[in-house]
Every structure is written in structure tokens, then in C-alpha cells.
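Fold and contact review
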Amino acid sequence: MTAPQKRLQAALVVETESEWQPQVRAQARERAATSGGMSVEVTAYFGFTCTGSSDNSRERQITTDISPFYVKQVLALQDAGATEEELHPIVAQAITDSHFTEWDTRADGLRADFTAVSSISFRFRSGRIHGLL
């Protein structure tokens with residue numbers, strides 16, 4: 001068996017990826033929204049609202065997993081054409097729940113908001129499929 005010419009090989013790769021990638025991405029999105037969740041990494045100024053806490057914000061870099069409950073909301077907003085700024089409140093709530101209050105096991109009533117976002121990225125956690133949104 002001989003290898004195809006380089007141009008043909010490149011064309012086959014492009015065509016295969018154009019068919020395969022959307023399906024893989026759709027499957028990863030579905031798993032993330034139903035069972036797998038996602039990981040979010042954000043660098044921003046975080047401020048807090050809570051009894052007895054300071055609302056002075058400071059820059060933090062946080063990487064945390066977010067539950068399928070929030071993933072579903074983020075993906076729906078993204079599919080509806082939401083801007084990155086429009087996603088901030090739901091992402092801030094997801095980070096509050098997973099990182100700061102550890103699913104309501106501490107810091108009762110805390111709410112984190114972020115501003116001046118330097119970077120934000122999401123990664124799928126489902127199975128062996130990982131990638132940016």
C-alpha cells in the first residue's frame with residue numbers, strides 16, 4: 001500500500017476534520033452540559049459580598065471545575081450569541097459555588113463578582129475529549 005501524494009493527503013485531512021470535528025465538539029458539549037462539567041480558568045479582579053467580609057477586590061487567577069448545571073447555562077448563552085461580558089455573571093456564580101463556597105459547605109451567603117477580566121478560558125472535562133470552547 002502506498003501513501004497518497006502530499007496534496008491529496010492534506011486534502012483528506014482537511015475534509016476529514018471538517019466532518020469529524022463538529023461532531024466531536026457537539027458530543028463534548030453535550031457531555032459537559034449533562035454529566036462531565038467543565039474547567040474554567042480566569043484571571044480577574046474578584047470582589048465579594050458577604051456578612052463580615054471585605055468587598056475590596058484584588059486580582060486572582062482561579063482554575064476550578066464547574067458543574068453541568070452552570071455549563072448548560074453558559075453554552076445556551078453562548079449559542080444565543082452572548083458576549084463574553086454577558087457570560088460573566090453566570091461564570092462568577094459558578095466560581096463562587098465551586099471555588100469559594102465549595103458547594104455551600106462554607107462561607108454562607110458569599111457572592112463573588114469579577115471585573116477587569118484579563119483572561120478566561122474553558123476546557124471540557126468529559127472523557128478523553130478536552131478542548132477549548
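This text follows the structure it describes.
Fair warning: this is a prediction, and the values are worked out from it, not measured in the lab.

Conventions we followed
Counting restarts for each chain, with residues numbered from 1 along the sequence as it is written. Selection of residues for local features in this predicted model requires a pLDDT of at least 70, selection of side-chain atom pairs for listing and counting requires 80 or more, and totals for whole chains, interfaces and linings are taken over all residues. Derived side-chain values reflect all non-hydrogen atoms in the structure, with water molecules and hydrogen atoms excluded from consideration. Working definition: helices are DSSP H or I runs of at least four residues, strands are E runs of at least two. Numbering for both runs from the N terminus. Each residue gets one of three labels from its accessible area relative to the maximum for its type: buried under 20%, exposed over 50%, partly exposed in between, using a 1.4 Å probe on protein chains only. Note on contacts: a residue pair qualifies if any of its non-hydrogen atoms lie within 4.5 Å across the two residues. Using the Shrake-Rupley algorithm and a 1.4 Å probe, accessible areas are obtained, with residue cover drawn only from the displayed protein chains. Each salt bridge in this description consists of a side-chain nitrogen of Lys or Arg and a carboxyl oxygen of Asp or Glu lying within 4 Å of one another. Note on method: axes are straight lines fitted to C-alpha atoms, helices fitted across the in-contact stretch only, with angles between N-to-C directions ranging 0 to 180 degrees. Note that the term roughly parallel is reserved for angles under 35 degrees, roughly antiparallel for angles over 145, roughly perpendicular for angles of 65 to 115, and oblique for everything else. For this classification, Asp, Glu, Lys and Arg are treated as charged, while Ala, Val, Leu, Ile, Met, Phe, Trp, Tyr, Cys and Pro are nonpolar and the rest, including Gly, are polar.

Side note on the overall build of the protein chain
For the protein chain, the count of helices and strands is three helices and three strands. When each of the 133 residues of the protein chain is scored for burial, the buried share is 33%. Here the contacts in the protein chain between residues at least 6 apart in sequence split such that 64% fall between residues at least 24 apart. Carbon and sulfur atoms provide 51% of the accessible area of the protein chain, an area that totals close to 8700 Å².

Examining the pattern of salt bridges
The tally for this structure, following the rule as stated, stands at one salt bridge. Its salt-bridge partner being R29, residue D79 comes within 2.6 Å of it at the nearest N-O pair. Pair noted here: D79 is in helix α2 (residues 68-79) and R29 is in helix α1 (residues 6-36), with a separation of 50 residues, a long-range link. Relative accessible area serves as the criterion here: at 17%, R29 is assigned to the buried category.

A few points about the packing of α2 against helix α3 (residues 84-100)
At a minimum axis distance of 10 Å, the contact between α2 and α3 shows a crossing angle of 170°. In terms of their interaxial angle, α2 and α3 are classed as roughly antiparallel. Counted together, Y70, Q73, V74, L77 and Q78 of α2 and E86, L87, I90, V91, Q93, A94 and D97 of α3 form the full contact between these two elements. Per-class residue counts for the contact of α2 with α3 are seven nonpolar, three polar and two charged.

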